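# Remarks on the overall topology
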Amino acid sequence: MTKYFILILTLTATLGVHAAEMMLTLDEAILTARIHSVNAAVALDELRTAYWEWRTYRADRLPEIDFTATAPSYANRYSSYMDGDGEYSFVRNRYLDAQARVSVIQNITLTGGQLSLSSSLDLLHQYGGDGGNRFMTIPVALTLTQPILGVNTMRWNSRIEPVKFAEAKAAFLSATEDVALATVNYFFTLIMSRENLSIAEQNLANAEKLYAVAVEKRAMGQISENDLLQMELNLLDARSTQTDAVSTLRSDMFTLRSFLNIDSDVDIIPVVPETVPQASIDYSDALDRALANNRFARNIRRRQLEADYEVAKARGDLRQINLFAQVGYTGTDTDFNDAYSRLRGNQLVEIGFSIPLVDWGKRRGKVKVAESNRRVTESRLRQETMDFNQELFVLVERFGNQQQQLAIARRSNEIARKRYATNVETFMIGKISTLDLNDSQSKKDTSRRQYVNELYKYWNYWYQLRSLTLYDYEHHTDINADIDRICRM
């Protein structure tokens, strides 16, 4: 790819303000698109988003170390106070409070609970009266928070997130092939425009030449006035077609340049591919590879899991029971060291539950809605699977047939070109009529366009198959990439 960018710079420097010409092959265009096109940038950004979501999920499964502190908290205010007789009064309260806590937190995938090991220190300094420093310490505390009947979100995430990330990776690889497919479309559109312009210019040159000959023949009485007028009409039509072809070429050139992010002063000359990759593709093999590699299979699996999770979540919300348990030690004293040496037990067990007695079927209704949505999802997934299989089958059949169609179109193009060249010479000596000449010209133009179109369809089918199967049938290897390295670039 570097060589033709160097060519651009060299030609630009040499030609000054004039447009630089760049010979561009299909492979070079695809490589450029995969690096510089907006489509490629969007695919990369979507992959990076999925990558960091995956990294976040993995981080949730690892121990987390937290440090929290309030240093200090100062208060100088009046607070209500009730004495022994039950009478209220307001007293001035002025103190300084400082707190620090270090925790190691671990989510438990198997149960959906959370286990934490913590240590904390509180300082309270009272101003006025007999106030002074008071310390409260919890050197170590082990805490378990565990939902008993609710849905285990951690466990469901451990099933959904790997599938979701695998889907994102496959989507990125398919997107790179879709970029190639879009490049093929733009590239061959420009080729067809250039072919149409070349045909139009050649036809115009021939029409001018033939009209000049016709004028001379009319002057000698060898052709009728009607034939002369027909030749003039052919000339006018050729000029009109040539003008339209120039306009279309400029438009298609602009589109390809924009897609490849190439400077507007570069005149791209697409090279018509002379060879195509050869492969014999069996539908069963293509389907197996598509189901193993394509994002579709992972998308189906993820959506099924998400539908199952919503049902489990709705059922878990029917009743909630949570366990909170803490064991450890605590100490308090006016002296810092004694607050750590005179420790006492610190245990807490708490079971809380929420069971609706009368909710008029609201929670059970949510379960029914989730189950109904799951059935809808399953029906859609079955239909999408059938559509995917059918699309792949049709594509494999068309690709297998396209190799023969391309060979036929190539041979037809050669025959039509030779026939037209022969008829031009024959017309010059007056052996055939203008109608025969026009017919051979039309067949020649149609055959050339048909050949380019069949070539385009071949490459289009080729990259569609690559996108669906994520398999390179030319080199017999899976299409893959170093996702970690790409996301860190």
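## Here's the deal with the sheet that holds strand 7 (residues 320–333)
- Pairing in this open sheet of six strands is antiparallel, and the strands run 2-3-4-5-7-8 from one edge to the other. Of all the strands in the sheet, the pair left with one neighbour each is strand 2 (64–82) and strand 8 (344–354). Direction aside, the axes of adjacent strands within the sheet are offset by 20 degrees on average.

## Quick word on the packing of helix 6 (residues 283–293) against helix 9 (residues 362–428)
- At their nearest, the axes of helix 6 and helix 9 sit 10 Å apart, and the two run at 135 degrees to each other. The pairing of helix 6 with helix 9 is recorded here as oblique in orientation. Seen along the crossing, helix 6 lies across helix 9 with a hand that is right-handed. Contact residues: helix 6 offers Tyr283, Ala286, Leu287 and Ala290, while helix 9 offers Phe388, Asn389, Leu392, Phe393 and Val396.
- Per-class residue counts for the contact of helix 6 with helix 9 are eight nonpolar, one polar and no charged.

## Considering the confidence of the model for the protein
- The share of residues in the protein with pLDDT of 70 or more is 95%, and the mean pLDDT across the chain is 86.
- When pLDDT is averaged over each element of the protein, helix 6 comes out on top at 93 and helix 1 (residues 2–15) at the bottom at 40.
- Counted against residues more than four places away or in other chains, residues 1–18, with its pLDDT under 50, gives 19 contacts.

## So, the nonpolar core
- Counting 57 residues, the largest nonpolar core has Phe188, Ile268 and Trp459 as its most contacted members.
- A total of twelve residues in this core trace back to one element, the largest contributor, which is helix 4 (residues 153–219).
- Leave out the neighbours within four places in its chain, and Ile268 touches Met22, Leu24, Leu190, Arg194, Met253, Leu256, Arg257 and Ile262.
- Judged by nonpolar contacts, the second largest core, of 13 residues, contains Tyr57, Phe172, Leu470 and Ile486.

## Details of the packing of aromatic side chains
- One pass over the full model with this rule turns up 17 aromatic pairs.
- Each ring, one from Tyr186 and one from Phe259, has its centre 4.9 Å from the other, and the planes form 55 degrees; the classification is tilted. Here Phe259 lies in helix 5 (residues 225–260) and Tyr186 lies in helix 4, a separation of 73 residues in the sequence.
- Taking relative accessible area as the criterion, Tyr186 reaches 33% and is therefore assigned partly exposed.
- Note on Phe259: relative accessible area 8%, which makes it buried.
- The aromatic ring of Tyr471 is capped on one face by Arg289, whose charged end is 3.7 Å from the ring centroid.
- Positioned above the aromatic ring of Tyr420 is the side chain of Lys444, whose terminal nitrogen or guanidinium carbon lies 4.7 Å from the ring centre.

## Looking at the pattern of salt bridges
- Taken as a whole and judged by the stated rule, the model has 15 salt bridges.
- Residues Glu371 and Arg315 are paired through a salt bridge, measuring 2.7 Å at the closest nitrogen-oxygen approach. You can see Glu371 sitting in helix 9 and its partner Arg315 sitting in helix 7 (residues 295–316), a full 56 residues away along the chain.
- Given a relative accessible area of 15%, Glu371 falls into the buried group.
- You can call Arg315 partly exposed: its relative accessible area is 44%.
- Across the salt bridge formed by Arg411 and Glu414, the nearest N and O atoms sit 3.2 Å from each other. One end of the pair, Arg411, and the other, Glu414, are both in helix 9, three residues apart, so they sit about a helical turn from each other.
- Judged by relative accessible area, which is 46%, Arg411 ranks as partly exposed.

What counts, and at which threshold
Residues numbered from 1 in each chain as written. Predicted model: local features only at pLDDT ≥ 70, side-chain atom pairs only at ≥ 80, totals over all residues. Heavy atoms only, no water. Pairing = 2+ DSSP bridges. Helix = DSSP H or I, 4+ residues; strand = E, 2+ residues; numbered from the N terminus. Axes fitted to C-alpha atoms, helices over the stretch in contact; angles between N-to-C directions. Parallel < 35°, antiparallel > 145°, perpendicular 65-115°, else oblique. Left-handed = near helix turned anticlockwise from the far one by under 90°. Contact = heavy atoms within 4.5 Å. Nonpolar A, V, L, I, M, F, W, Y, C, P; charged D, E, K, R; others polar. pLDDT = per-residue confidence, 0-100. Core = buried A, V, L, I, M, F, W, Y, C linked by side-chain atoms within 4.5 Å. Buried < 20%, exposed > 50% of the residue type's maximum accessible area, 1.4 Å probe, protein only. Phe/Tyr/Trp six-rings, centres within 6.5 Å; stacked < 30°, edge-to-face > 60°. Lys NZ or Arg CZ within 6 Å of the ring centre and 35° of its normal. Salt bridge = Lys/Arg side-chain N within 4 Å of Asp/Glu carboxyl O.

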